Amino acid sequence: MGALRQNQTFRWQMNTDGPETYEKYIVPVWMADLVPDLLAAGDVDPGKRVLDAACGTGIVARNVANRVKPGGRIAALDANEGMLRVARRCATEAGAEGIEWFSGDITRMPFSDGEFDSVLCQQALQFFPDKAGALREMKRALVPGGRLALSVWGRAEMSPHVPVICEVFTKYFGEESTTIFRVACSLCNKELLHALVQDAGFSLIRIREGITIARHPCLAELLPAYFAGFPVAARIDALPEERRNQLFRDIMAGLEDYTENGTLAVPTEHIVLTAENG
Ligand SMILES: C[S@@+](CC[C@H](N)C(=O)[O-])C[C@H]1O[C@@H](n2cnc3c(N)ncnc32)[C@H](O)[C@@H]1O
């Protein structure tokens, strides 16, 4: 149990660079631990030609880069130029060489039919407006018999920070302020996910759940930084300072069972799907 101070204050600053914040606060806490599982599911081995679809700041591509050597290929595509800018820099810093970066929409990728042995897509399908079109395009980019491996978030109730944050946001701003969480968890229904992928023409579809632990050494630092990149940030910014501090204290209180000496460790459910092009 963490000791919650009644008068605790929080450093709040509106976000000026979403992709940098994503890389600093979302990737290490929520994304990095998902990668080994996705790479294993995606058949990522030396010599393989791999696409990281909707790569964000490139955490998956960076991990693939050295695994496909010698002889393989790693390409990474995202629609957001800011994400790609950070991705390029982080890859250089990490010594992950040879990643081919592409800017573009998932439904119209600049690749020929069958260019890849594996397409990986981590925590992005649920955000695409045209999910069926995205899956058909990922299939087109795969060689016959090639492997799709994707992950999406699981049930909100299996990731306790989600209901806690949603309850507090609803109290302060109304239910529509929680849309981002509803979208993030919108493919947690395995039957729905299976049908989507099957309808796109994939076969041998397998779906399983996994749990990772989202960790951060200082929840009081994480919360304002994390929300600064959310659509609700402007409304948090508009709150009087004391009410804003109270909002963060309310969330801290809701997460007390997952906080020890200020350190967050909260279970988070995800779903991994694998399928074959054929
Ligand atoms: C939650 S992030 C996941 C990023 C990355 N896969 C990771 O694991 O950190 C979702 C990503 O999907 C990208 N995205 C959303 N819609 C897209 C589209 N239509 N085409 C390509 N990328 C898209 C966003 O720009 C964002 O980088």
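Every chain begins its residue count from 1, and numbering advances along the sequence as written. Predicted model: local features are reported for residues with pLDDT of at least 70 only, side-chain atom pairs are reported and counted for 80 or more only, and whole-chain, interface and lining totals are derived from all residues. As a rule here, side-chain values come from all non-hydrogen atoms in the structure, and water together with hydrogens is ignored.

Undergrad: I tried to follow the site of the ligand on my own but got confused; where do I start?
TA: Around the ligand, 18 residues are found, and the nearest of them are Tyr22, Ala54, Asp78, Ile106 and Gln122. Identification of polar contacts relies on pairs of N or O atoms within 3.5 Å, with a donor-acceptor requirement for protein atoms, meaning one able to donate a hydrogen and the other able to accept it, and with residues adjacent in sequence counted only if both atoms are side-chain atoms. Contacts to the ligand include aspartate 78, whose side-chain N or O atom sits 2.6 Å from an oxygen atom. Here a nitrogen atom of the ligand sits 2.8 Å away from a polar atom, N or O, in the main chain of glutamine 122. Under this grouping Gly is polar, as are all residues other than the nonpolar Ala, Val, Leu, Ile, Met, Phe, Trp, Tyr, Cys and Pro and the charged Asp, Glu, Lys and Arg. By residue class, the composition of the shell around the ligand is 11 nonpolar, 5 polar and 2 charged. Only a single heavy atom is needed: when it lies within 4 Å of a molecule or strand, its residue is near that molecule or strand.

Undergrad: Would you mind going over the packing of aromatic side chains with me for this structure?
TA: Given two aromatic rings, one states the distance between the centres and the angle between the planes to describe the pair. Only Phe, Tyr and Trp rings are paired, with Trp represented by its six-membered ring, and only when their centres lie within 6.5 Å; those with planes under 30 degrees apart are stacked, over 60 edge-to-face, the remainder tilted. A complete count under the given rule lists 13 aromatic pairs for this structure. For the pair phenylalanine 111 and phenylalanine 116, a centre-to-centre distance of 5.0 Å together with 90 degrees between the ring planes defines the contact as edge-to-face. With a relative accessible area of 6%, phenylalanine 111 lands in the buried category. Partly exposed describes any residue whose relative accessible area lies between the buried limit of under 20% and the exposed limit of over 50%, with all areas from a 1.4 Å probe on protein chains only and scaled to the type maximum. Phenylalanine 116 sits in the buried class, given a relative accessible area of 0%. Joined through ring pairs, the aromatic side chains of Phe10, Trp12, Trp30, Phe169, Tyr172, Phe173, Phe181, Tyr226, Phe227, Phe230 and Phe248 make up one cluster.

Undergrad: What should I look at first to understand the packing of helix 1 (residues 18–31) against helix 4 (residues 81–94) in this one?
TA: A pair of packed helices is captured by two measures, namely the crossing angle of their axes and the spacing between those axes. Axis geometry follows a simple rule: fit a line to the C-alpha atoms, using only the stretch in contact for helices, then measure angles between N-to-C directions, giving values from 0 to 180 degrees. In this description a helix means any DSSP run of H or I spanning at least four residues, a strand means any run of E spanning at least two, and both kinds are numbered starting from the N terminus. It is the contact of helix 1 with helix 4, at a shortest axis distance of 8 Å, that shows an interaxial angle of 50 degrees. Judged on the interaxial angle alone, helix 4 and helix 1 are oblique. Judged by the twist between their axes, the crossing of helix 1 over helix 4 is right-handed. Across the interface between the two elements, Pro19, Glu20, Tyr22 and Glu23 from helix 1 touch Gly82, Met83, Arg85, Val86, Arg89 and Cys90 from helix 4. Residue classes in the contact of helix 1 with helix 4 are distributed as 5 nonpolar, 1 polar and 4 charged. In this scheme, roughly parallel covers angles under 35 degrees and roughly antiparallel covers those over 145, while 65 to 115 is roughly perpendicular and the rest are oblique. Crossing handedness follows the turn of the near helix against the far one: under a right angle anticlockwise gives a left-handed crossing, and clockwise gives a right-handed one. Any two residues whose heavy atoms approach within 4.5 Å at even a single point are treated as in contact.

Undergrad: How should helix 8 (residues 190–199) be read in this particular structure?
TA: In an α-helix, one turn spans 3.6 residues; hence positions three or four apart end up facing the same way. Looking at helix 8, one finds that the buried residues are Leu193, Leu196 and Val197. Along helix 8, the residues classed as buried sweep out an arc of 90 degrees about the axis, all on the same side. Exposed and oriented more than 90 degrees from the buried face of helix 8 are Glu191 and Asp199. For helix 8, the secondary structure elements touched by its buried residues are helix 5 (131–141), strand 5 (142–153), strand 6 (202–216) and strand 8 (263–277). For helix 8, the N-terminal capping position is held by asparagine 189, with its side-chain oxygen 2.9 Å away from the main-chain nitrogen of glutamate 191. Of the residues trailing helix 8, glycine 201 is marked for its positive phi of about 105 degrees. Summarising the geometry, the arc corresponds to the directions from the helix axis toward the C-beta atoms.

Undergrad: Whenever I open this one, the pattern of salt bridges confuses me. Can you help?
TA: For side chains of opposite charge, pairing can occur when their charged atoms come near one another. Any carboxyl oxygen of Asp or Glu that lies within 4 Å of a side-chain nitrogen of Lys or Arg is treated as forming a salt bridge with it. The full count for this structure, using the stated rule, is 18 salt bridges. Residue aspartate 43 is joined to arginine 147 by a salt bridge in which the shortest nitrogen-to-oxygen separation is 3.7 Å. With a gap of 104 residues between them, aspartate 43 in the loop between helix 2 (35–41) and strand 1 (49–53) and arginine 147 in strand 5 connect regions that are remote in the sequence. A single network of salt bridges, built from pairs that share partners, joins Asp17, Glu20, Arg85, Arg89 and Glu93.

Undergrad: Explanation requested: the environment of valine 35 in the structure shown.
TA: Residue placement: valine 35 occurs in helix 2. The exposure class of valine 35 is buried, given its relative accessible area of 2%. For the pair formed by valine 35 and serine 118, sequence separation is 83 residues and the distance between their alpha carbons is 14 Å. Here valine 35 is in contact with Ile59, Val60, Asn63 and Gln122, once residues within four sequence places are set aside.

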